[in-house]
Amino acid sequence: MKTLLNQRTPLHDGITLASDIWLPDGKGPWPTIVIRTPYHRAGGAAEAIRFTQEGYACVLQDVRGKYDSDGDFAAVEQETSDGQDTLDWVA
């Protein structure tokens, strides 16, 4: 398993979001689980490890304006566009 901490996910408006990534051993690509949270991505590490052990890549991400992510937090306002930018980046 490989872990990449505090990777910067670029958004369409120049903001970057903090993402931790877990990758299974071997050569990808892998199916990927994306978890975006306002509660700090570090809290999901145990789940990410479990998913990775089952053969999934896992991306845990702090939403805009929370913890290590840039920007201003506004609950729900940017979730659609930020989520789509994140999925495009993962793909």
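Residues numbered from 1 in each chain as written. Predicted model: local features only at pLDDT ≥ 70, side-chain atom pairs only at ≥ 80, totals over all residues. Heavy atoms only, no water.

Section: the sheet that holds strand β2 (residues 16-23)
Move 1: In spatial order, the strands read β1-β2-β4-β3; together these four strands make up an open sheet with mixed pairing. Sheet topology places β1 (2-10) and β3 (32-37) at the edges, where each strand pairs with a single neighbour. Averaged over all pairs of adjacent strands, the angle between their axes in this sheet comes to 20°, without regard to strand direction.
Move 2: Relative to strand β4 (residues 57-62), β2 runs antiparallel, the two sharing four bridges. By the bridge assignment for β4, Asp20 is matched with Leu60.
Move 3: Helix-sheet contacts for helix α2 (residues 79-90) involve β1, β2, β3 and β4, and the interaxial angle to β3 is about 150°. (Pairing = 2+ DSSP bridges. Helix = DSSP H or I, 4+ residues; strand = E, 2+ residues; numbered from the N terminus. Axes fitted to C-alpha atoms, helices over the stretch in contact; angles between N-to-C directions. Contact = heavy atoms within 4.5 Å.)

A look at the layout of surface pockets
Move 1: Volume-wise, the largest pocket comes out at about 170 Å³.
Move 2: Taken together, Ile21, Leu23, Gly28, Pro29, Trp30, Thr32, Ala57, Val59, Trp89, Val90 and Ala91 form the lining of the largest pocket.
Move 3: For the lining of the largest pocket, the secondary structure elements donating two or more residues are β2, β4 and α2.
Move 4: Split by residue class, the lining of the largest pocket holds nine nonpolar, two polar and no charged. (1 Å grid on protein atoms, 1.4 Å probe; cavity = no way out; pocket = protein on both sides within 12 Å on 5 of 7 lines; lining within 4 Å. Points joined across faces, edges and corners; volume = space filled by probe spheres on them. Nonpolar A, V, L, I, M, F, W, Y, C, P; charged D, E, K, R; others polar.)

What to know about the side chain of Arg64
Move 1: Along the polypeptide, Arg64 turns up in the loop between β4 and α2.
Move 2: Within polar-contact distance, the side chain of Arg64 engages the side chain of Asp13 at 3.0 Å.
Move 3: Residues contacting Arg64, with those up to four places away along its chain left out, are Leu11, Asp13, Ile15, Leu17, Ser69, Asp70, Gly71, Asp72, Phe73, Gln78 and Asp82. (Polar contact = N/O pair within 3.5 Å; in protein donor to acceptor, adjacent residues only side chain to side chain.)

Focus on the packing of aromatic side chains
Move 1: Scanning the entire structure with this criterion turns up zero aromatic pairs.
Move 2: Note that Arg50 overlies the ring of Phe51, its terminal NZ or CZ placed 5.0 Å from the centroid.
Move 3: Taking NZ or CZ as reference, Lys66 lies 4.9 Å from the ring centre of Phe73, over its face. (Phe/Tyr/Trp six-rings, centres within 6.5 Å; stacked < 30°, edge-to-face > 60°. Lys NZ or Arg CZ within 6 Å of the ring centre and 35° of its normal.)

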